[in-house]
Amino acid sequence: QQQVRQSPQSLTVWEGETAILNCSYEDSTFDYFPWYWQFPRESPALLIAIRPVSNKKEDGRFTIFFNKREKKLSLHITDSQPGDSATYFCAASGRQGGRALIFGTGTTVSVSP
Amino acid sequence: EAAVTQSPRSKVAVTGGKVTLSCHQTNNHDYMYWYRQDTGHGLRLIHYSYVADSTEKGDIPDGYKASRPSQENFSLILELASLSQTAVYFCASSDLGGRYAEQFFGPGTRLTVL
């Protein structure tokens, strides 16, 4: 059972457009939601994270919108740049399991100049 | 910034052979994790540890053992490697202490089992 789901699987946008990546989760006890990005042949790196006490978290061109009632969140990338081309993973963790991360299957974003 | 290193960076193993993947971190983190990444599956947790000489099973522990001989070192052992264990393996560390904290990932080990 996939506890964290992402859509779409891939996404292509033009430079300057806004990319919207979606994520949903099953477990209502999850209390930390980081987004990681990963470039080819590299390891995942933390991009931005949110906790359910907030419904929005912004860091430059990257914004997380969080809907606790619907168990959904989204990552918005505004003014997309070619350097943003990467695979983005939504993840979640709770107090159990050593706070290990449960990852979604990722969204591959391609930004065309 | 946390430093997590892994060795080897890539390995080719034969079916039925023993494989040991090593991870070393230098930032005094208590928590360490082993994940595997397969195309289309994101990352999945194999084992984790929050203290030396103790390990815990993750979501997909079958076919894997883990060892945490010290705070800095965490190994993943495949006693009898199988074709299905071909994947990229990532080690991560975190300084939790009951709080939310970033996990820092190592560069990964690309394992091919033939």
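Model, not experiment: these values are computed from the prediction.

### Regarding the side chain of Ser93(A)
Residue and element names in this part refer to chain A.
- Relative to the elements of secondary structure, Ser 93 occurs in the loop between strand S9 (86-92) and strand S10 (102-103).
- Polar contacts involving the side chain of Ser 93 include one to the side chain of Arg 99, which spans 3.3 Å.
- In contact with Ser 93, not counting residues within four places along its chain, are Phe 30, Asp 31, Tyr 32, Arg 99, Ala 100 and Leu 101.

### Quick look at the sheet that holds strand S3 (residues 19-25) of chain A
Residues and elements named next belong to chain A.
- The sheet built from 5 strands is open, its strands ordered S1-S3-S8-S7-S6 with antiparallel pairing. Of all the strands in the sheet, the pair left with one neighbour each is strand S1 (4-7) and strand S6 (56-59). The average undirected angle you get between the axes of adjacent strands in this sheet is 15°.
- As judged from the 4 bridges shared by S1 and S3, these two strands associate in the antiparallel manner. Bridge assignment links Gln 6 to a residue of S3, and that residue is Cys 23.

### Side note on the sheet that holds strand S1 (residues 4-7) of chain B
Residue and element names in this part refer to chain B.
- Pairing is antiparallel in the open sheet, where 4 strands are placed in the order S1-S3-S8-S7. A single partner strand is all that each edge strand has here, and the edge strands are S1 and strand S7 (65-67). Strand-to-strand, the axes of this sheet are offset by a mean angle of 20°, without reference to chain direction.
- Here strand S3 (residues 19-25) pairs with strand S8 (residues 73-78) via 6 bridges, running antiparallel. If you follow Ser 22 over to S8, its bridge partner there is Ser 75.

Criteria and cut-off values
Residues numbered from 1 in each chain as written. Chains lettered and ligands numbered in written order. Predicted model: local features only at pLDDT ≥ 70, side-chain atom pairs only at ≥ 80, totals over all residues. Heavy atoms only, no water. Helix = DSSP H or I, 4+ residues; strand = E, 2+ residues; numbered from the N terminus. Polar contact = N/O pair within 3.5 Å; in protein donor to acceptor, adjacent residues only side chain to side chain. Contact = heavy atoms within 4.5 Å. Pairing = 2+ DSSP bridges. Axes fitted to C-alpha atoms, helices over the stretch in contact; angles between N-to-C directions.

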